[in-house]
Amino acid sequence: MIDRAVTLSQFVFQQEREHPEASGEFTSVLLDIALAAKMINKAVIRAGLVDVLGATGSMNVQGEKVQKLDVFAHDTIMKVLGSTGQLAVVASEEDEGIVPMPDGAPVGKYVVNFDPLDGSSNIDANVNIGTIFSILPRISRKGHGTVEDCLQAGRRQLCAGYILYGTTTMLVYTTGDGVHGFTYEPSIGEFLLSHPSIRTPSRGRIYSVNEGNYAKWSEGMKRYVDWLKMEDKVTARPYSGRYVGSLVADFHRNLLYGGIYLYPGDAKNPNGKLRLLYEGAPLAFIAEQAGGAASDGTKRIMDLAPSSLHQRTPLYLGSPEDVRECEMFLAGQHEAVGVERRGC
Ligand code: AHM
Ligand code: MG
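Quick notes on the rules
Residues numbered from 1 in each chain as written. Chains lettered and ligands numbered in written order. Predicted model: local features only at pLDDT ≥ 70, side-chain atom pairs only at ≥ 80, totals over all residues. Heavy atoms only, no water. Core = buried A, V, L, I, M, F, W, Y, C linked by side-chain atoms within 4.5 Å. Buried < 20%, exposed > 50% of the residue type's maximum accessible area, 1.4 Å probe, protein only. Helix = DSSP H or I, 4+ residues; strand = E, 2+ residues; numbered from the N terminus. Contact = heavy atoms within 4.5 Å. Near = heavy atom within 4 Å. Polar contact = N/O pair within 3.5 Å; in protein donor to acceptor, adjacent residues only side chain to side chain. Areas by Shrake-Rupley, 256 points an atom, 1.4 Å probe, with all protein chains shown as cover. Nonpolar A, V, L, I, M, F, W, Y, C, P; charged D, E, K, R; others polar. Domains from an automatic or database assignment.

**What about the nonpolar core?**
Thinking step 1. Counting residues in each nonpolar core, the largest one holds 42 residues, and the members touching the most others are Leu8, Val112, Phe133, Ile135 and Tyr173.
Thinking step 2. For this core, the leading source of residues is helix 2 (residues 26-45), giving 11 residues.
Thinking step 3. Those residues in contact with Ile135, other than ones at most four positions away along the chain, are Phe26, Val29, Leu30, Ile33, Tyr110, Val111, Val112, Gln157, Leu158 and Cys159.
Thinking step 4. Residues Ile132, Met170, Leu274 and Leu304 belong to the second largest nonpolar core, which totals 29 residues.

**Some thoughts on the site of ligand 1**
Thinking step 1. Around ligand 1 sit 17 residues in total, of which Asp118, Gly119, Tyr243, Leu247 and Tyr263 are the nearest.
Thinking step 2. The contact in question runs from an oxygen atom of ligand 1 to an N or O atom on the backbone of Gly119, over 2.7 Å.
Thinking step 3. A distance of 2.5 Å separates an oxygen atom of ligand 1 from a polar side-chain atom of Tyr243.
Thinking step 4. The fraction of the free accessible surface of ligand 1 (460 Å²) that becomes covered by protein chains is 86%.
Thinking step 5. At the level of elements, strand 5 (110-118) and strand 13 (260-263) are the ones that each hand at least two residues to the shell around ligand 1.
Thinking step 6. A class-by-class count of the residues in the shell around ligand 1 yields 5 nonpolar, 5 polar and 7 charged.
Thinking step 7. Looking at which domains feed residues into the shell around ligand 1, each of domain 1 (8-195) and domain 2 (206-341) gives three or more.

Take it as geometry only, folks, not as evidence of what the structure does.
Pasting the structure below:
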């Protein structure tokens, strides 16, 4: 129950007044993304009724089937962001190269990397899907933005967020000053502040992973997940397994309840499946701002310097104590975890 209605724009402008040094004009980019999210939400909630379900018949740059809603979401975000004059360049999970601003449109000083519709294999089954975005300062000096503008380490982000289209639609974001969640109220067309200053528990009791890949995992990864499932009262195991298969939904639940999301590299795909720019870096920023952690197994995701737009990364994301223990298992230090947790 929301006892005081604060809209996203009211909140953002209030933050701008309180922290003028930290926010700046990119907050209007955030509001533009929220506008695109409302338009995507409208299509998502009517998806079963109108002809937007199913595949377009083409494949995207990742070699995956393109869904009509993926394309709609990408085009909608581009339509809204393309003409604002705030952006120098954009990169989307659905496009092979950078997307320059339309000819004749003013060029600005920010960069947006985004995944227009994450979890798109779930679209036809009416399961949660999401949009993930990351706002960066441009580093090129003039003219149209370049690929280097998009290829910046996560710690350079000014803002990151996601929209979760679900039972209710939510927008969650950070500008480096905590994590704030807004619930969409369709009758007035506004995102209202519902989850101010989200903090994630330091430890959870949920693990989220596609266990169908078990046979391809490293010994450390297998040992960690086996360990999470063992019964042990002292260390509050077994954990519960929860896996939607939509990163935004799995991440959002674990952010609120605590736990760990895992998409490791494996024998077939050493860097896993998820993309550093569109999924790893923005969710890492949010996780850290909520008191959580994000790792590629050994390094902080926020410190990884991307070398290509669609670079993948193993991803271990969530409650900091869980992520740290997972890293220890991956490094073969599982015995030390037992010593730390049980004091023996
Ligand atoms: P997408 O961006 O093509 O939708 O792929 C990313 C999705 C994530 O939302 C989800 O966590 C993951 O892929 C699920 O992959 P898998 O089906 O291998 O478990
Ligand atoms: Mg995705």
